[in-house]
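Breakdown of the fold
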Amino acid sequence: MAILQMNHESYKKYIAESDKPVLVEFWAPWCTYCRRLAPALEQVAKEYEDTLLIGQVNIDDEPELEEEEQIEVVPTLLLYQNGQLLDSIVAPESKPQLEEFIKGSLSRRETRQEESGHIYDMIVVGGGPGGYTAALYAARAGLDTIVLEKLSVGGQMALTEQIDNYPGFEDGVDGFTLGEKMRRGAERFGVESRTTEVLSFDFSNQVKAVETSEGTLRGKTVVLATGASPRELGLAGERELVRKGVNYCAACDGMFYKGKTVVVVGGGNTAAADALILSRICEKVILVHRRDTLRATKIYHAPLMEAKNVEFRWDSAVTELLSDEKVNGVRLRNLKTGEESVVACDGVFVSVGRKPATELVKGKIELDPSGYVVADESTRTSVPGVFAVGDVRTKALRQVVTAVSDGAVAVHYAEEYLAGGM
Ligand SMILES: Cc1cc2nc3c(=O)[nH]c(=O)nc-3n(C[C@H](O)[C@H](O)[C@H](O)COP(=O)(O)OP(=O)(O)OC[C@H]3O[C@@H](n4cnc5c(N)ncnc54)[C@H](O)[C@@H]3O)c2cc1C
């Protein structure tokens, strides 16, 4: 059977009504990984035509569906059965890998129905670098470990094409590849990975309950590795211009703007720290802030004011991102006078804070005023047996290297907890 081309309506209909499992590839005509996968997908469609329905959604034609399904990387393949998402995979590299994914997901569903009595040693929530490092260390320590990830492995890291500050890769590495390597490395030691969204936690008993979109799992320890996402400005075209001039992390992406002009938006500690980093790399940094003074702590004020290449636009907000293919400027409005101006630049760094993914643990675990899980370098939280690693916890530097470090430390303390607790 040929691969079905799906739009929003037919996608929903097939998923809801098909009596066979449905595999859907979200792709784009400009995506090289998608082109490479095409022959394997066609072969699978032919060989499995009696047992599987295969479709494709072009994300350029269906942007709303892309957003609804939270597709962040193409190609992403989602596998559904009886209207429920079973599993997803991002950019499989070969036909055997695609077949292994399909068969594995379908057979895991069957075994899952029999596992309600199972108690894991460790349930890791979040498949980013923090989560998969915890899982790797746990599995190597002989702990029965599962990673629950609602989207695709790699977390935020998978959104960046070039990571140059994670040691061991002399030419850098793209975040998606690094995420896949971390997953495979952990699975080599027996870690189970499952694509499912965690919906709630019950930490009231020694054995913790984690409710997911596919049922409840039980674990002796839980590692929260759900990350934190940057706050956006909410401007038209902002998401489309990510990697084309819109950035959210100066430590990560500043080097791409060496010798260029950038705008930093914000006035708190993150914006001040980002502007300082960028002032050492870029020719010119223009800091745009809604007020007439920085909110950042005093230690940043003097070095920023003294930096010869930092310019300030006080009482101002960015109202429009200007671009051809990439960002080439911003439109500003002075909030006191209403006057508009255009500033030419090569990139914009949005430094207006981050939003930790801690909604599900509010009221169950101690959070700081910004919503981060309170945990020190030990990664222990206010609930014994629950650990927080990576961007989701209180810490000074949110990077891949600090997230992986947390993952290793969490297992050290989890083993201690298990030895003494249960
Ligand atoms: C564009 C960009 C570029 C970056 N570049 C660099 C760089 O060059 N170098 C660097 O060191 N750092 C970089 N970073 C930062 C780095 O990606 C993060 O610090 C790192 O990914 C944090 O890892 P983590 O494991 O704590 O969380 P994350 O990577 O955020 O992973 C959290 C995971 O948890 C999952 N999750 C959340 N809630 C649930 C739930 N309820 N159920 C199931 N799963 C859930 C999410 O889907 C996500 O996959 C960049 C970040 C961005 C956004």
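The structure we're discussing is the one just above.
Quick summary incoming for the structure in this document. Predicted model only: the values in this text are computed from it and were never measured. (Residues numbered from 1 in each chain as written. Predicted model: local features only at pLDDT ≥ 70, side-chain atom pairs only at ≥ 80, totals over all residues. Heavy atoms only, no water.)

Notes on unusual backbone geometry
Looking along the chain, the bond that leaves V74 and enters P75 is cis, with omega of 0 degrees. Here P75 lies in the loop between α3 (63-68) and β4 (76-81). A positive phi is found at N82, a non-glycine position, where the angle reads about 50 degrees. The residue N82 is located in the loop between β4 and β5 (84-90) in this model. Despite not being glycine, T379 has its phi angle at roughly 70 degrees, a positive value. You can see T379 is positioned in the loop between β21 (354-356) and β22 (386-388). (Helix = DSSP H or I, 4+ residues; strand = E, 2+ residues; numbered from the N terminus.)

Re the site of the ligand
The local shell around the ligand holds 32 residues, among which G130, E149, N165, D391 and V400 are the closest. The separation between a nitrogen atom of the ligand and a polar side-chain atom of N165 is 2.8 Å. Here the ligand loses 94% of its free accessible area of 1,000 Å² to cover by the protein chains. For the shell around the ligand, the elements supplying multiple residues, two or more each, are α5 (129-140), β7 (145-149) and α10 (400-420). (Near = heavy atom within 4 Å. Polar contact = N/O pair within 3.5 Å; in protein donor to acceptor, adjacent residues only side chain to side chain. Areas by Shrake-Rupley, 256 points an atom, 1.4 Å probe, with all protein chains shown as cover.)

Brief notes about the pairing of strand β18 (residues 327-334)
Taken residue by residue, a regular strand's side chains alternate between the two faces of the sheet. Pairing between strand β17 (residues 316-323) and β18: seven bridges, direction antiparallel. Following the sheet pairing, L322 is matched in β18 by G329. Remark: three residues form the turn of the hairpin made by β17 and β18, two consecutive strands paired antiparallel. In the sheet, β18 pairs with strand β19 (residues 340-344) via five bridges, with the strands oriented antiparallel. Of the residues in β19, the one forming a bridge with L332 is S341. (Pairing = 2+ DSSP bridges.)

Some thoughts on the sheet that holds strand β3 (residues 53-58)
The five strands lie next to each other as β1-β3-β2-β4-β5, forming an open sheet whose pairing is mixed. Looking along the sheet, the strands with just one partner apiece sit at the ends: β1 (4-5) and β5. One ladder, built from two bridges, connects β1 with β3; its direction is parallel. Considered in β3, the bridge of Q5 is made with Q56.

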